[in-house]
Amino acid sequence: MHKRSELLTFDGVSKIYRKSGEPVVALDSFSLSISTGEIVGLLGPNGSGKTTCVKLATGLVSADEGIVSWRGDPLPKQSPFKHLREMGVLLEGRGAAYDRLSILENSRYFCKLRESKFDASYFSELVDALEIEDVNTPIRQLSTGNKLRAGLLGSLIHKPTLLLLDEPTLGMDIFGVECLERILQSGVSKGVAFVLSSHDLDFVERLSSRIVCISGGRKVFDGDRSHFMGLSSRYLLSLDIAETNLEAAREALSSSTGRVWRFVSASQIELHIDDYQQVCKILIDLLPVLSTFRGMELRSVSLADRYKALIEFQREGEGPMA
Ligand SMILES: Nc1ncnc2c1ncn2[C@@H]1O[C@H](COP(=O)(O)OP(=O)(O)OP(=O)(O)O)[C@@H](O)[C@H]1O
């Protein structure tokens, strides 16, 4: 196993934009540290500050307060782009590729820009890994998913140590997503770090070892994925009920199981359950009335469920959970 070293750090960073003369706090006293060999899922609702993080890390915007550092050195105000030789970026599902150039021409150009030697065999390796069929067509003539593959190749070609991938699966088909997963898994085994800023929560759940959650520009969770997944119950039982008096049905269910069920839609009611033993007990209690429901689903709670609960908790005015 490689020895971890710190790559990117945000220390008490705040970023305030101006919209029609009014201040917009995009990030508020935000601290984060990314080390080699980890895949970090950066989650947050629309407008919570994720893209701003990526822009600050790449020197596209500068912090109003706090310090952004690369390998322990604050990004210099005059030339904040030097570290990009070691960083690959995909911003808002797009690479920085030039539309009129082909994938091959873009790759050569980006290597030159980052003062890195173009490695033809590594280029072929990436073309195969991303299942790219044509490297000579101008980017503008490619389909959306293939443009994204081109952007990913462009962000990888100079062999970066950290990749910031903002919406890396946007418009990508399932085969492309699988290619990307293999690339991430192979990269992380060699010590490369990845930050996945994405609304594709299944993708984040499958790959991330750590979850960072932002809400309203503030960090509300930072920890192992297993910790994040363990924040609340493990199972979700939902029933499709055909009752005309739904509230009465809910009360009957609550009294027969001793639990508080909640409505998720006009005819669906659900219950969070902590562990498998409790699931068994509740199902036994429900057995006599089970056939009166229109349907039943029992599933494990997903990262999307946890994330939704955390953000709702924040919106109700609570503080950070971890
Ligand atoms: N150039 C800008 N000028 C003014 N306000 C901005 C600018 N860029 C971002 N903002 C505001 O800053 C806040 C954070 O935006 P940001 O793009 O970082 O969010 P995000 O988490 O990436 O959102 P999304 O999930 O929708 O991509 C939002 O309120 C946004 O409107």
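Residues numbered from 1 in each chain as written. Predicted model: local features only at pLDDT ≥ 70, side-chain atom pairs only at ≥ 80, totals over all residues. Heavy atoms only, no water.

### Digging into the site of the ligand
Then, in step 1: By nearness alone, 14 residues border the ligand, and Gly 47, Lys 50, Thr 51, Thr 52 and His 199 come closest of all.
Then, in step 2: Between an oxygen atom of the ligand and a side-chain N or O atom of Lys 50, the distance comes to 2.7 Å.
Then, in step 3: Between an oxygen atom of the ligand and a side-chain N or O atom of Thr 51, the distance comes to 2.6 Å.
Then, in step 4: Isolated, the ligand exposes 640 Å² of accessible area, and the fraction of that covered by the protein chains is 69%.
Then, in step 5: Looking at the shell around the ligand, the elements that each hand over two or more residues are strand S1 (6–19), strand S2 (22–35) and helix H1 (50–57).
Then, in step 6: Class assignment of the residues belonging to the shell around the ligand gives a composition of 4 nonpolar, 7 polar and 3 charged. (Near = heavy atom within 4 Å. Polar contact = N/O pair within 3.5 Å; in protein donor to acceptor, adjacent residues only side chain to side chain. Areas by Shrake-Rupley, 256 points an atom, 1.4 Å probe, with all protein chains shown as cover. Helix = DSSP H or I, 4+ residues; strand = E, 2+ residues; numbered from the N terminus. Nonpolar A, V, L, I, M, F, W, Y, C, P; charged D, E, K, R; others polar.)

### Structural notes on the side chain of Asp 166
Then, in step 1: Within the element layout of this structure, Asp 166 appears in strand S7 (residues 162–166).
Then, in step 2: Lacking a salt bridge, the buried Asp 166 has Lys 50 as its closest oppositely charged neighbour, with an N-O distance of 6.6 Å. (Buried < 20%, exposed > 50% of the residue type's maximum accessible area, 1.4 Å probe, protein only. Lys, Arg positive; Asp, Glu negative; His and termini not counted. Salt bridge = Lys/Arg side-chain N within 4 Å of Asp/Glu carboxyl O.)

### Observations regarding helix H4 (residues 144–156)
Then, in step 1: For H4, which comprises 13 residues, the first-to-last C-alpha distance of 19 Å matches the rise-based estimate of 18 Å (1.5 Å per residue) to within 8%.
Then, in step 2: Across the 13 residues that make up H4, a large majority, 10, are buried.
Then, in step 3: Among the residues of H4, those classed as buried are Gly 145, Leu 148, Arg 149, Ala 150, Gly 151, Leu 152, Leu 153, Gly 154, Ser 155 and Leu 156.
Then, in step 4: On the buried face of H4, the contacting elements are strand S6 (87–90), helix H2 (103–113), helix H3 (120–129), S7 and helix H5 (174–189). (Expected span 1.5 Å × (residues − 1). Contact = heavy atoms within 4.5 Å.)

### Description of the domain arrangement of the protein chain
Then, in step 1: According to the domain assignment, the protein chain consists of domain 1 (6–229) and domain 2 (235–300).
Then, in step 2: If you average the C-alpha positions of domain 1 and of domain 2, the two centres end up 42 Å apart. (Domains from an automatic or database assignment.)

### Side note on the packing of aromatic side chains
Then, in step 1: On inspection of all chains with the given rule, the structure shows 4 aromatic pairs.
Then, in step 2: Ring plane angle 80° and centroid distance 5.6 Å describe the contact between Phe 10 and Phe 30, whose orientation is recorded as edge-to-face. One end of the pair, Phe 10, is in strand S1; the other, Phe 30, is in strand S2, and 20 residues separate them in sequence. The exposure classification of Phe 10 matches that of Phe 30, with both residues buried.
Then, in step 3: Lys 159 extends its terminal NZ or CZ atom over the ring of Tyr 122, reaching a point 5.1 Å from the ring centre. (Phe/Tyr/Trp six-rings, centres within 6.5 Å; stacked < 30°, edge-to-face > 60°. Lys NZ or Arg CZ within 6 Å of the ring centre and 35° of its normal.)

### What to know about the sheet that holds strand S13 (residues 268–273)
Then, in step 1: The antiparallel open sheet is built from 4 strands, whose spatial order is S12-S13-S11-S14. Lying at the two open borders of the sheet, with one neighbouring strand each, are strand S12 (262–263) and strand S14 (295–300).
Then, in step 2: Across 6 bridges, strand S11 (residues 235–240) lies against S14 in antiparallel orientation. Across the sheet, residue Tyr 235 finds its bridge partner in S14, namely Ser 300. (Pairing = 2+ DSSP bridges.)

### Regarding the sheet that holds S2
The strands that make up a sheet are held in pairs by hydrogen bonds between backbone atoms, and each pair lies either parallel or antiparallel.
Then, in step 1: In spatial order, the strands read S2-S1-S4-S5; together these 4 strands make up an open sheet with antiparallel pairing. Because the sheet does not close on itself, it has two edges, and the strands there are S2 and strand S5 (73–74).
Then, in step 2: As defined by bridge partners, strand S4 (residues 65–70) adjoins S5 across 2 bridges and the pair is classed as antiparallel. Residue pairing across strands places Trp 70 opposite Asp 73, the latter belonging to S5.
Then, in step 3: Each of S1, S2 and S4 touches H1; the most contacted strand, S1, lies at about 115° to it. (Axes fitted to C-alpha atoms, helices over the stretch in contact; angles between N-to-C directions.)

### A word on the nonpolar core
Then, in step 1: Formed by 32 residues in total, the largest nonpolar core has its most connected members in Ile 103, Leu 153 and Leu 184.
Then, in step 2: Elements with a minimum of two residues in this core: H2, H3, H4, S7, H5, strand S8 (193–197) and helix H6 (201–207).
Then, in step 3: If sequence neighbours within four positions are ignored, Ile 103 has contacts with Phe 123, Ile 132, Asp 134, Val 135, Thr 137, Ile 139, Leu 142, Ala 150 and Leu 153.
Then, in step 4: Membership of the second largest hydrophobic core comes to 27 residues, among which are Val 61, Val 68, Leu 84 and Leu 91. (Core = buried A, V, L, I, M, F, W, Y, C linked by side-chain atoms within 4.5 Å.)

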